[in-house]
Amino acid sequence: MFRARDMLEHHKAAGRMDRESLVRCIESCYECAQTCAMCADACLAEDEVKRLARCIRLDLDCMDICVATGNALSRQVGLEPTIQRAQVEACMEACRVCADECDKHAKMHEHCRICSEMCDTCKNACKVLLGNLEAKAA
C-alpha cells in the first residue's frame, strides 16, 4: 500500500498541481517498477533466456526510470517544472518501449502480458500528469 495521498495531504509545499493525477502517477511508477523487476526475473527463469534479452534489458531500464520518476515526483519543495516535465516524459517513453517489447512475448509468457499492461497504465498516468503540468504552466 502506498501512502502518497496521505503524505501530500499533510505536506505544506504540495498543491501546485492536480493532486489526484500526481498521486496516481507516483503510485503507478512504483507499481510499474516492481512489475518490471519481477518480469525481468521471470524472464531469467525461462528456457530461452537469450531470446528474452531485450525484454529483460528494457524491463530493468523501465524499472530504474520509474523509481527515479516516483522519487522525483514525491519531492515537492523547490520544484523545477522543466526537469519535472522531462522526467515524466522519459518515464512515459520508457514505459511505452517496455510495453511494446513485453507485448511481443505476451502470448507465450503471462508475466510479459502483465508487465505490458502495467507499463501502459503507468504511461497513461504520466500522460495525464504531463497534461496537467503543461496546463498549469500555460
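Residues numbered from 1 in each chain as written. Predicted model: local features only at pLDDT ≥ 70, side-chain atom pairs only at ≥ 80, totals over all residues. Heavy atoms only, no water.

(A) Spatial organisation of the overall build of the chain. Looking only at helices and strands, the chain features 5 helices and 0 strands. Secondary structure of the chain in N-to-C order comes out as α-α-α-α-α. Split into buried and exposed, the 138 residues of the chain put 41% on the buried side. Only carbon and sulfur atoms are counted for the fraction: they give 54% of the accessible area of the chain, which is about 7800 Å². (Helix = DSSP H or I, 4+ residues; strand = E, 2+ residues; numbered from the N terminus. Buried < 20%, exposed > 50% of the residue type's maximum accessible area, 1.4 Å probe, protein only. Areas by Shrake-Rupley, 256 points an atom, 1.4 Å probe, with all protein chains shown as cover.)

(B) Structural detail: the nonpolar core. Membership of the largest hydrophobic core comes to 35 residues, with the highest contact counts inside it found for C32, C62, C66 and C119. Contributing elements (two or more residues each) for this core: α2 (19–44), α3 (53–74), α4 (81–105) and α5 (110–137). (Core = buried A, V, L, I, M, F, W, Y, C linked by side-chain atoms within 4.5 Å.)

(C) How the structure looks around the state of the cysteines. Scanning all chains against the criterion turns up 0 disulfides. For C36, which is in no disulfide, the shortest distance to another cysteine sulfur is to C115 and amounts to 3.8 Å. Summary of cysteine pairing: C66 is not part of a disulfide, and the nearest cysteine sulfur, belonging to C95, is at 3.8 Å. The class for C66 is buried, based on a relative accessible area of 0%. (Disulfide = S-S within 2.5 Å.)

(D) The arrangement of the packing of α2 against α3 in detail. Here α2 crosses α3 at 155°, and the two axes come no closer than 8 Å. In terms of orientation, α2 and α3 fall into the roughly antiparallel class. Note on packing geometry: the crossing formed by α2 with α3 is left-handed. Of the residues assigned to the contact of α2 with α3, the class counts are 21 nonpolar, 4 polar and 1 charged. (Axes fitted to C-alpha atoms, helices over the stretch in contact; angles between N-to-C directions. Parallel < 35°, antiparallel > 145°, perpendicular 65-115°, else oblique. Left-handed = near helix turned anticlockwise from the far one by under 90°. Nonpolar A, V, L, I, M, F, W, Y, C, P; charged D, E, K, R; others polar.)

(E) Region of interest: the pattern of salt bridges. Taken as a whole, this structure holds 10 salt bridges when the rule is applied. A salt bridge links D61 to R57; the shortest N-O distance between them is 2.9 Å. Of this pair, D61 and R57 both sit in helix α3, 4 residues apart, which is roughly one turn of that helix. For D61, a relative accessible area of 27% translates into the label partly exposed. Residue class for R57 comes out exposed when judged on its relative accessible area of 53%. Salt bridges linked by common partners bring R54, E101 and K104 together as one network. (Salt bridge = Lys/Arg side-chain N within 4 Å of Asp/Glu carboxyl O.)

(F) Structural detail: the environment of V97. Its place among the elements puts V97 in helix α4. Overall, the relative accessible area of 22% leaves V97 in the partly exposed class. Residues V97 and D59, 38 residues apart in the sequence, show an inter-C-alpha distance of 9.4 Å. Residues within four places of V97 in sequence aside, it is in contact with R54 and L58. (Contact = heavy atoms within 4.5 Å.)

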